[in-house]
Amino acid sequence: MSDMFTEIEELIATLRKFKVDIVTALGYGGNTHTYEHVCAQCLTGHYDTLILPNSVIISELFTYPTHKVYNVFIAAGDLDEIIEAQNGTLIREAKLRGATALTAVARKGWAKALENHGWTSSLVYLRKELKYGKVERAKDGADAEGRQEPSEAVQGEFRSRQNACGSGLSAV
C-alpha cells in the first residue's frame, strides 16, 4: 500500500514541478482544461503520466471506430529527454494498448523537432474565437455588420436534419 502512496506523492510533486509549463501548454491549446483538471485526470488515471528525471509527458488513448491512437496531450521539460521517451517508452506503451499511431497537437516548433524522428504533420489545427455579447439588430433582423439571423425555415431544416440523424441512429 505504501508503494501506491509513494507513486501518488511522486505524481503530485511532478505536476507541481512542471505547473508553469503545463499551464503554458494549456494556454497554447486554448485553455480547454485548467491545471486542476489535468491534475485530477492524471490522479484518476484518465491520463497516463510518464515521469522522467527532467520532464513529464501526459498522454491518453483515443479509441476511434476503426483504430486507436495514443495522444500526447502535454509534454513539458527537456526536449531531448522527451524525444527519447517518445521513441522508446511511449511507443512501447502505445503498442501495448493497441494503438496504431502516436498523435499530438502542438506548436510548430514541435513539428520541426520531431520530423527527424518519424513524425509528420498531417493536419493543421485551426481555431476561431467566438465573441459573445448583446447584438443590436435593426428592424430587418440584421446586426451592425449586416448579417441576418437564420430564418425560421433554415433553423427548422437544421432541426429536422438533427432529428432525422438522431432517430436513424437509434434504429441501428
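Quick note: structure is the one above.
Since the structure is predicted, the reported quantities are computational estimates derived from the model, not experimental observations.

What counts, and at which threshold
- Residues numbered from 1 in each chain as written.
- Predicted model: local features only at pLDDT ≥ 70, side-chain atom pairs only at ≥ 80, totals over all residues.
- Heavy atoms only, no water.
- Helix = DSSP H or I, 4+ residues; strand = E, 2+ residues; numbered from the N terminus.
- Buried < 20%, exposed > 50% of the residue type's maximum accessible area, 1.4 Å probe, protein only.
- Contact = heavy atoms within 4.5 Å.
- Areas by Shrake-Rupley, 256 points an atom, 1.4 Å probe, with all protein chains shown as cover.
- Arc of directions from axis to C-beta.
- Phe/Tyr/Trp six-rings, centres within 6.5 Å; stacked < 30°, edge-to-face > 60°.
- Lys NZ or Arg CZ within 6 Å of the ring centre and 35° of its normal.

Within the protein, the secondary structure is distributed over seven helices and four strands. For the protein, the α and β elements follow one another from N to C terminus as α-α-α-β-β-β-α-α-β-α-α. Expressed as a percentage of its 172 residues, the buried residues of the protein come to 24%. When contacts within the protein are restricted to residue pairs at least 6 apart in sequence, long-range pairs at least 24 apart make up 48% of them. Total accessible area on the protein stands at roughly 12,700 Å², and carbon and sulfur atoms take up 56% of it.

Further remarks concern helix 3 (residues 35-44). In an α-helix, one turn spans 3.6 residues, which is why side chains three or four residues apart end up on the same side. For helix 3, the full list of buried residues reads Y35, V38, C39 and C42. With its buried residues spanning 100° around the axis, helix 3 presents them on a single face. Exposed residues lying more than 90 degrees from the buried face of helix 3 are E36 and T44. Immediately downstream of helix 3, the backbone of G45 shows phi near 90°, a positive value.

Of the positions making up helix 4 (residues 79-87), those classed as buried are E81, I82, I83, A85 and Q86. Buried residues belonging to helix 4 abut strand 1 (48-51), strand 2 (55-63), strand 3 (68-77), helix 5 (89-96), strand 4 (101-104) and helix 6 (108-114).

This brings us to the packing of aromatic side chains. Per the stated rule, a full pass over the model turns up two aromatic pairs. Seen from their ring centres, Y47 and F73 are 5.1 Å apart, and the 35° between their planes marks the pair as tilted. Within this pair, whereas Y47 is found in the loop between helix 3 and strand 1, its partner F73 is found in strand 3, the two being separated by 26 residues in sequence. The same class applies to Y47 and to F73, which are both buried. Positioned above the aromatic ring of Y28, the side-chain terminus of R107 is 4.7 Å from the ring centre.

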